[in-house]
Structure formats: structure tokens, C-alpha cells
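Architecture and fold: a report
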Amino acid sequence: MSSQDLRAVTWTAATEGDGTPSLSLIDQTALPHALERLDVTTVDQLIDAIVRLVVRGAPAIGAAGGYGVALAMAQGEREGWDRARLDAEVARVRAARPTAVNLMVCVDRVAPLIDAGPAAVLAEADAIVREDLEANHAMGAFGADWLQKRIAVSGSGDRPLRILTHCNTGALATAGWGTALGVIRELHGRGRLETVYADETRPLLQGARLTAWELAQEGIPHFVQADGAAAGTILRGEVDAAIVGADRIAANGDTANKVGTVGIALACAYAGIPFMVAAPTTTVDLATATGADIHIELRGEAEILEWAGVRTAPAASRGHNPAFDVTPASLVTALVTERGVLEVGAGETPADGLS
Ligand code: MRU
């Protein structure tokens, strides 16, 4: 199967399988070695899958949260929960990870339909998936148009581009196609992509395991490089632009994304090349004024201190493991959403351009 057709999050109705409705997730912890699905039927299983990054990436977590409301309703029906218990379980899904605002946005969009019944809840969760897929294709085209024009204006002509990306923002991280990876796919489809530098993305290797896998499925030329190589590759002039996704974008354009992103933005600013953020408007949180107000998830120390379960740091060492960092708006050359491009670094804020 082409990675374009992957669906990371799908709902299986009670009429299929053993009669219990389930949420089917591509198990992203098993890639690139195995393409397997994990079917979850309970809130505990879903939260565990979100925390362990079986399902990950802001829009995919959002979709899982939307279907999570339907999952909680079905479990509550089986186990005789009262309404207070159901609301509490839905709130647990909403809080499974703190940084990607899509999770909260999607749960808050679907939960008010609980009184209308399971069919209404599922229809809304399906709509979230459909809209995300459409948004990704729209932003792919907007982003590719903007980049091609920008590179041509800089005097380099309309030549194939060398793009650096970080983490995984592809079909696996979304309802399909991808955000930053959607722009990259679009450039490739137009014959305007020379190669991709995919940062490996320590410590959980979403770049090396997932982005490289999606690119390889499509036959898109790419290098996997250590995160520490990114700044040097940019400053040597081997990259035309960096494109990344986002987990939450504040009203002023400050952008939380996978840890390591801000260093890429700084290198791009120093080198004078575009640093593009591609994200759907569901990732823009106008209620959060600046990046200082974004809750950055701190993950367990073992992810840093161990490698494949073997301790690599001295026993006395502590691990510092923020999963995300915040890139100041001034370093974001362009924010591309399904509604178009905002030149955030030049002063166009989400608060003005997307409210
Ligand atoms: O911890 P993860 O893998 O969920 O982090 C994902 C990212 O940081 C992505 O760049 C972001 O969610 C955008 S996905 C389209």
C-alpha cells in the first residue's frame, strides 16, 4: 500500500468482528519493521496507546480523541456507567497528552453530541477525519506554491528543492496525506523536489522510523540524518527550506513542535532560508496568547537514559526529556494552513489572520 493511502485511525462498527466496536490504530511503535494495527475497545487501552505513541502526531491524536468519545460511550453501555462516570472517562481521554491542542479541540467538538446518541457522535468524529484530510491537501498546495514562488524570487529559479524536515508529519500523524509531509509530497508530485533531509528525531526516532518509511514507500529521495547534523547541513547551503508541523500554535504565532525544532528555525534564520510551519487551523489555539503559555509534555527519563531497554548513561545521571519546544513567531517565515499562508515572521499573526 502507498503511504498516501494509510489511515492511522479508523473506527470499526459493532456489526463487524466480535460485535464490540473498536478503534483501529496503526501501531507506530512497530514501524518500520512491521505494519500492524492495534484495536482498542476501552478508554484505558486508548489512553495507553496515546501515551505510548502507538497513535501520535497532533491531528491523529485529535481524531483518536474524537472517536474516543464514541469508544467511551460504547464501554459505558457495556459496563452500566452513569453520566458522571462517562464524562469523567471522556475527560481522561482529553487529558491523555497535554501539548497537542487537537486532542482537546476534537474531544470538545464531539462530546456535546453525547446526548444525541452514538450515531451523531460517530458522524462528528468522521467529519473531523474528513476535514483533516481535505485540509492537508489544501495546505500542501498552498505551501508548495508559496515555496516555489519564494525560491524563484530569491534568484534560484523554479528548480527542484532540498527540504529539511523534523519528526513525522505524514499520513501516520494525521487523517492522511500529511501536513509538512503533505507539502513535500506536493512538491514531489510537481517534479519540484530534489531530496529530503529527515532528522532522525531523538529520542523516539519518529523521523528515522516513520518519515523515512513513508518517503521510502513513495520512492521519494531522502537522507536520514542525526538531529545534531541539521544546523550544519543548513549552514553549508545544502537545504533550500525547512518544513515542520506543529502541536499547538499560539495566537501570536509562537509554535510548539517536536523537541529540536527551534534549533532548526534558528539555523534557517542565520542562513536566510525559509522556515515553514504547516498545520491545520485545528492546531491553532487562539486562546493561548504566546508560547510561554503552552504546556510542554515532559516524558519519562528512561527514553533518554536508555537505548532499546539498555542503560546508556551512568546510573547517577538524571534525564531531561521535554517532548516539544517552542519556536518564537519571529523565526516562523511562513505558517501554512488550509486557509492559506501567513508570513508570521513578517508580522502576520494567527490572531489577525485566522480569527
Ligand atoms: O510526540 P509526537 O510524535 O506526537 O510529536 C509529533 C510532532 O511533534 C509533530 O511534528 C506534530 O504533531 C505535527 S503532526 C502533523
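Our next topic: the sheet that holds strand S9 (residues 255-258). The mixed open sheet is built from four strands, whose spatial order is S11-S8-S9-S14. A single partner strand is all that each edge strand has here, and the edge strands are strand S11 (284-285) and strand S14 (324-327). In this structure, S9 lies alongside S14, joined through four bridges in antiparallel fashion. If you follow Ala 256 over to S14, its bridge partner there is Val 326. Here helix H9 (residues 261-271) sits on the sheet in contact with S9 and S14, set at roughly 30° to S14.

The next subject is the side chain of Lys 258. Relative to the helices and strands, Lys 258 is located in strand S9. Here Lys 258 is buried and forms no salt bridge, its nearest opposite-charge partner Glu 297 lying at an N-O distance of 6.2 Å. A polar contact is formed between the side chain of Lys 258 and the backbone oxygen of Ala 323, at a distance of 3.1 Å.

Okay, the packing of aromatic side chains next. The geometry of an aromatic ring pair is captured by the separation of the ring centres together with the interplanar angle, meaning the angle of the planes. Evaluated as defined, the whole model comprises two aromatic pairs. When the ring of Trp 11 is compared with that of Tyr 67, the centres are 5.9 Å apart and the planes differ by 15°; the resulting orientation is stacked. Of the two residues, Trp 11 is situated in strand S1 (residues 9-12) and Tyr 67 in helix H2 (residues 58-79); the sequence distance between them amounts to 56 residues. Summarising the burial analysis for this pair, Trp 11 and Tyr 67 share the class buried. Between the aromatic rings of Tyr 197 and Phe 223, the centroid separation amounts to 5.2 Å while the plane-to-plane angle is 20°, which identifies the pairing as stacked. Highlighted residues: Tyr 197 in strand S5 (residues 193-199) and Phe 223 in strand S6 (residues 222-225), separated in sequence by 26 residues. Note on Tyr 197: relative accessible area 11%, which makes it buried.

Looking now at empty space enclosed by the protein. Applying the stated criterion to the full structure yields three cavities of 30 Å³ or more. Reported here for the largest cavity is a volume of approximately 190 Å³. Lining the largest cavity are 23 residues, with Arg 56, Gly 57, Ala 58, Asn 168 and Asp 247 positioned closest to its centre. Per-class residue counts for the lining of the largest cavity are ten nonpolar, nine polar and four charged. Two domains each put at least three residues into the lining of the largest cavity: domain 1 (3-130) and domain 2 (139-354). Estimates place the volume of the second largest cavity at around 60 Å³. The residue inventory of the lining of the second largest cavity, partitioned by class, reads five nonpolar, three polar and four charged.

Attention shifts here to the nonpolar core. Membership of the largest hydrophobic core comes to 39 residues, with the highest contact counts inside it found for Val 9, Leu 23, Leu 25, Leu 46 and Val 90. Broken down by secondary-structure element, the contributors of at least two residues to this core are S1, strand S2 (22-26), helix H1 (43-51), H2, helix H3 (83-94), helix H4 (101-110) and helix H5 (118-156). The dominant element in this core, judged by the number of residues it contributes, is H2, at ten residues. What Leu 25 contacts, discounting residues up to four positions off in sequence, is Ala 8, Val 9, Glu 36, Arg 37, Leu 38, Val 40, Ala 49, Val 54 and Val 55. Judged by nonpolar contacts, the second largest core, of 25 residues, contains Leu 164, Val 239, Ala 329 and Val 332.

Turning to the pairing of strand S10 (residues 275-278), a few remarks are in order. Burial of S10 is two-sided: the residues Phe 275 and Val 277 facing one way and the residues Met 276 and Ala 278 facing the other way are all buried. Examined bridge by bridge, strand S7 (residues 241-244) and S10 share three bridges and lie parallel to one another. Bridge pairing links Val 244 to Val 277 in S10. Where S10 lies against strand S15 (residues 334-337), three bridges are found, and the strand directions are parallel. Note that in S15 the partner of Met 276 across the bridge is Ala 334.

What follows concerns the domain arrangement of the protein chain. Considered domain by domain, the protein chain is made up of domain 1 (3-130) and domain 2 (139-354). Here domain 1 and domain 2 have C-alpha centroids that lie 26 Å from each other. With 27 residues of domain 1 at the contact, the number on the domain 2 side is 33 residues. When the two sides are added together, the surface that domain 1 and domain 2 hide from each other amounts to roughly 2600 Å², 55% of it contributed by carbon and sulfur. Interface area lost by domain 1 to domain 2 is led by Ser 3, Arg 56 and Thr 99, which between them contribute 24%. At the boundary of domain 1 and domain 2, one finds one salt bridge. Between Glu 297 and Arg 97 there is a salt bridge, with its nearest N and O atoms 2.8 Å apart. Taken together, domain 1 and domain 2 are joined by 14 residue pairs in polar contact (both at pLDDT 80 or more). At the level of secondary structure, the elements contributing two or more residues to the side of domain 1 that touches domain 2 comprise H2 and H4. When the residues that make up the side of domain 1 that touches domain 2 are grouped by side-chain class, the tally is 17 nonpolar, seven polar and three charged.

Definitions and limits used
Residues numbered from 1 in each chain as written. Predicted model: local features only at pLDDT ≥ 70, side-chain atom pairs only at ≥ 80, totals over all residues. Heavy atoms only, no water. Pairing = 2+ DSSP bridges. Helix = DSSP H or I, 4+ residues; strand = E, 2+ residues; numbered from the N terminus. Contact = heavy atoms within 4.5 Å. Axes fitted to C-alpha atoms, helices over the stretch in contact; angles between N-to-C directions. Buried < 20%, exposed > 50% of the residue type's maximum accessible area, 1.4 Å probe, protein only. Lys, Arg positive; Asp, Glu negative; His and termini not counted. Salt bridge = Lys/Arg side-chain N within 4 Å of Asp/Glu carboxyl O. Polar contact = N/O pair within 3.5 Å; in protein donor to acceptor, adjacent residues only side chain to side chain. Phe/Tyr/Trp six-rings, centres within 6.5 Å; stacked < 30°, edge-to-face > 60°. 1 Å grid on protein atoms, 1.4 Å probe; cavity = no way out; pocket = protein on both sides within 12 Å on 5 of 7 lines; lining within 4 Å. Points joined across faces, edges and corners; volume = space filled by probe spheres on them. Nonpolar A, V, L, I, M, F, W, Y, C, P; charged D, E, K, R; others polar. Domains from an automatic or database assignment. Core = buried A, V, L, I, M, F, W, Y, C linked by side-chain atoms within 4.5 Å. Buried area = accessible area lost by both parts, 1.4 Å probe.

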